[in-house]
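Structural overview for review
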Amino acid sequence: MSLPDLSDLHARGRWPPPEGPRVAIVGSRRPSPYGEAVAEQLGTDLARAGVIVVSGLALGIDAAAHRGALNGGGITVAVMGTGVDVVYPAAHSRLAEEILAAGGALVSQFPDGTIPRRQNFPARNWTMASISDAVVVVEAGQGSGALITAEAALHLHKEVMAVPGSVFSPLSVGTHGLLRDGAGLVQNARDILAVIGLGGEVLDDPLLPPERLRFALRPERDGIVAHLSDVLALSAADIARKLQLPVAEVLGRLTALELDGAVRRQEAGYVRALRRGKERV
Amino acid sequence: MLASVDSCVLVGLEARRVEVQADASTGSVVFNIVGLAATSVKEARERVRSAIRNSGLEFPRQRLTVNLAPAELRKEGSGLDLPMAVAVALAMMRKAAPPRSAFLGELALDGAVCHVDGVLVAARWLRRHGFERVFVPASDAREAALIDGVEVIPCADLASVIAHITGEQPIQPQPPTQPILATETEAFEHDLIEVHGQEEARRALEVAAAGGHHLLLSGPPGAGKTMLARCLPGILPPLELSEALEVAQVRSLLGDLSSAKPLDWSRPFRAPHHGVSMAGLIGGGAGLAQPGEISRAHQGVLFLDELAEFQANVLQALRQPLEIGRVAITRSGGSVTYPAHFTLVAATNPCPCGWAGDGRRACRCTPAMVDAYQRRLSGPLLDRIDLKVGVRRVPLDALASEPKGESSAPVRERVIAARRRQLDRQGCLNAQLKPARLRQMAALDAASRQTLERWAEQRSLTARGFHRAWRVARTSADLDGSEQIGERHILEALGYRLNDVAA
């Protein structure tokens, strides 16, 4: 992979950004609630420590990282695989606007008007690595594009770090592989700051779980939430079996929790929501 | 020398009377068939001629004209062979046909009377239209004798039919076919006891059976979706006599009826391959349309595996039958209506590679691919499916440790009890309740209504989706033996709405 000429990047917003360390946070486009929460928290904490958070504006981990950085009041840079005037996925146009409004930038090595093409994204991943001082991978399954970014970082002698996940989750295969091969372990933002040689102060203790559900759950429903994981989806049948309850009843209770935003339904079943649902009770 | 004999041709599950007139008069020796006969009927000329000669009867060496009235009705099929031959023979003998009698059957060259499709349909129609006696191929006599109030004369060959009419040697009428009653211990090919785990899908199957709801099973390959679907007929109540007759009529039309057991009490299960054509699924063909898979599944289960692989237009065509329980098909030969009242069970992978959400294998699809796949499934057809559940793959090594569930028998009993509640209350299954009657028959208390409305708002439910969830809640309450729908019933119903996404 040949390195693009960085002076040749197309950009919207403030580019190059102000001086400061840059950390790329990348990962799966379909993360678990756990991965999403970690990415968002890291984004926030790094931003508060003055780090510029770099990511790819994709679904999942990328978006969570950008959003976290914005929440932390920081500058974040989106490296795009399309022209900077083509926001992909389109659902992220609002996020792109927010990045620009917060003093960040959208950059791309591709000319304006370039539409999403599969073969462009690996090149984008190289660019992402080359403009960052470190690459942090959060949840990447086998063959994930995030692993290309990590590989690029390795070639470019940048720091590669990874967040561990559940050993049950297919989304941990890539990250655990990186850790086995010597990537730095990330348990909180301080781990990253230490590696890039920044003695910044992290205001929030990153070991604290991110914004937990703040609303009170009806007591009889709490029983079910305690059995749910934030990484591995469990089916209503699994929970019914554990609680020795009829599946119809458990399904109903889970639906009530879903209505409250306390659990999320995925293809394989239910996971505990880590972020507050859209609706407040 | 003129004789006239009655017969009929089938138009879907109805028939039209055909008067077969034979006239032998002086002139050159020709045999003409007039009266809009299709090729298959014109070919009868040779069969009729040989059959008459080989039955020891005289074939006119004169100008012979057979007219099939009414002339505007196009006639197809070989069922008119027998009435034509009888008309010719009677004309030669200067005898009248027996009154209020109709003839149906194909002839072999030696005069044997052979099977024709749809004898049951014809016998039912003829009885309703005042005929008292039908002459049918001996092989189809049991089938025709399912119909009460019509004398069935089994015809082995042309000579014995003529001997019967002239009174030389009367044929013994076929005794009415007594429907063999459904036995309590009827064994089904697939029993729920073979399904390990999958409690959610089992419950959904029970709800589907109880309320007549359509069901979508979503899960990776090898999760057991097909097995679950095949268990559905076994938890449905046996067919009623009238339903069994409807099922038998469709089979009769297709020549699919077993002559040993013309009336079957188990519900049909049809699983067409995803390459099925529009004509194959909905019905069709040249001339008059033949019933398709949806009509073969009438009163039973239509299973569509790999729903996303079916042609989009084929699936679109399912909408009307799903809604009204029958299908009207127009072809060059005219328009026919077939019953198509079935429970749809569809199965699909969650994504193109099939492994999204699987615990052991990672899904390799991009979010965009999954989106496109889901979109292909969504829309009007999915909107008509009440229950959507995920089916998870149970790895082989874990299969043994999965709890065994109930067998089909107790589930079927609950289903029958729940169906009885519905029929006593409203005369139809919950899935067929129109919104106005739903409001009347399934009143919601304040908490239930609020929950349903909250979900509807959160997930931007269509009015149709709203009513579907409501109907499913009605069924959940009926399975509970409860007249009043509670919040837990609504919540369970919403739990089967896998595809609603928060706005």
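Just so it is clear, the model here is predicted, and its values are computed rather than measured. (Residues numbered from 1 in each chain as written. Chains lettered and ligands numbered in written order. Predicted model: local features only at pLDDT ≥ 70, side-chain atom pairs only at ≥ 80, totals over all residues.)

1. A word on the overall build of chain B
Looking only at helices and strands, chain B features 21 helices and 18 strands. Over its C-alpha atoms, taken along the principal directions, chain B stretches across nearly 85 × 50 × 45 Å. The buried share of chain B, taken over its 503 residues, is 48%. Put simply, of all contacts in chain B between residues at least 6 apart along the chain, 73% involve residues at least 24 apart. (Helix = DSSP H or I, 4+ residues; strand = E, 2+ residues; numbered from the N terminus. Buried ≥ 20, exposed ≤ 12 C-beta atoms within 10 Å, placed from the backbone. Contact = placed C-beta atoms within 7 Å.)

2. What to know about the domain arrangement of chain B
Residue and element names in this part refer to chain B. Considered domain by domain, chain B is made up of domain 1 (2–166) and domain 2 (192–196 + 214–404). Each of domain 1 and domain 2 has a C-alpha centre, and these two points are 40 Å apart. Among the elements that make up the side of domain 1 that touches domain 2, the one with the highest residue count is helix α4 (residues 119–128) (three residues). When grouped by side-chain class, the residues that make up the side of domain 1 that touches domain 2 number seven nonpolar, three polar and five charged. (Domains from an automatic or database assignment. Nonpolar A, V, L, I, M, F, W, Y, C, P; charged D, E, K, R; others polar.)

3. With respect to helix α6 (residues 173–180) of chain A
All names here are of chain A. Along α6, the positions that sit buried rather than exposed are Gly 174, Thr 175, Leu 178 and Leu 179. When α6 is viewed along its axis, its buried side chains cluster within an angular range of 140 degrees and face the same direction. Residues of α6 that are buried make contact with β6 (134–138), α5 (145–155), β7 (159–163) and β8 (184–185). Where α6 ends, the next residue or the one after it, Gly 182, has phi of about 105 degrees, a positive value. (Arc of directions from axis to C-beta.)

4. Re the sheet that holds strand β17 (residues 343–348) of chain B
Residues and elements named next belong to chain B. Read from one edge to the other, the open sheet built from five strands follows the order β11-β14-β17-β10-β18, with strand pairing classed as parallel. A strand with exactly one partner marks an edge of an open sheet, and here the two such strands are β11 (269–270) and β18 (387–390). Two strands pair when backbone bridges link them, and β11 and strand β14 (residues 301–304) are joined in this way by two bridges, in the parallel orientation. The partner of Arg 270 across the bridge, within β14, is Leu 302. Across the sheet, helix α8 (residues 225–235) touches β10 (215–218), β11, β14 and β17, and the angle it forms with β17 is around 170 degrees. (Pairing = 2+ DSSP bridges. Axes fitted to C-alpha atoms, helices over the stretch in contact; angles between N-to-C directions.)

5. Examining the packing of helix α1 (residues 33–48) of chain A against helix α2 (residues 61–71) of chain A
All names here are of chain A. Between α1 and α2, whose axes approach to 7 Å, the crossing angle comes to 35 degrees. Seen along the crossing, α1 lies across α2 with a hand that is right-handed. Seen from α1, the contacting residues are Gly 35, Glu 36, Ala 39, Glu 40, Gln 41, Leu 42, Gly 43, Thr 44, Leu 46 and Ala 47; seen from α2, they are Ile 61, Ala 64, Ala 65, His 66, Arg 67, Gly 68, Ala 69 and Asn 71. The residue inventory of the contact of α1 with α2, partitioned by class, reads eight nonpolar, seven polar and three charged. (Left-handed = near helix turned anticlockwise from the far one by under 90°.)

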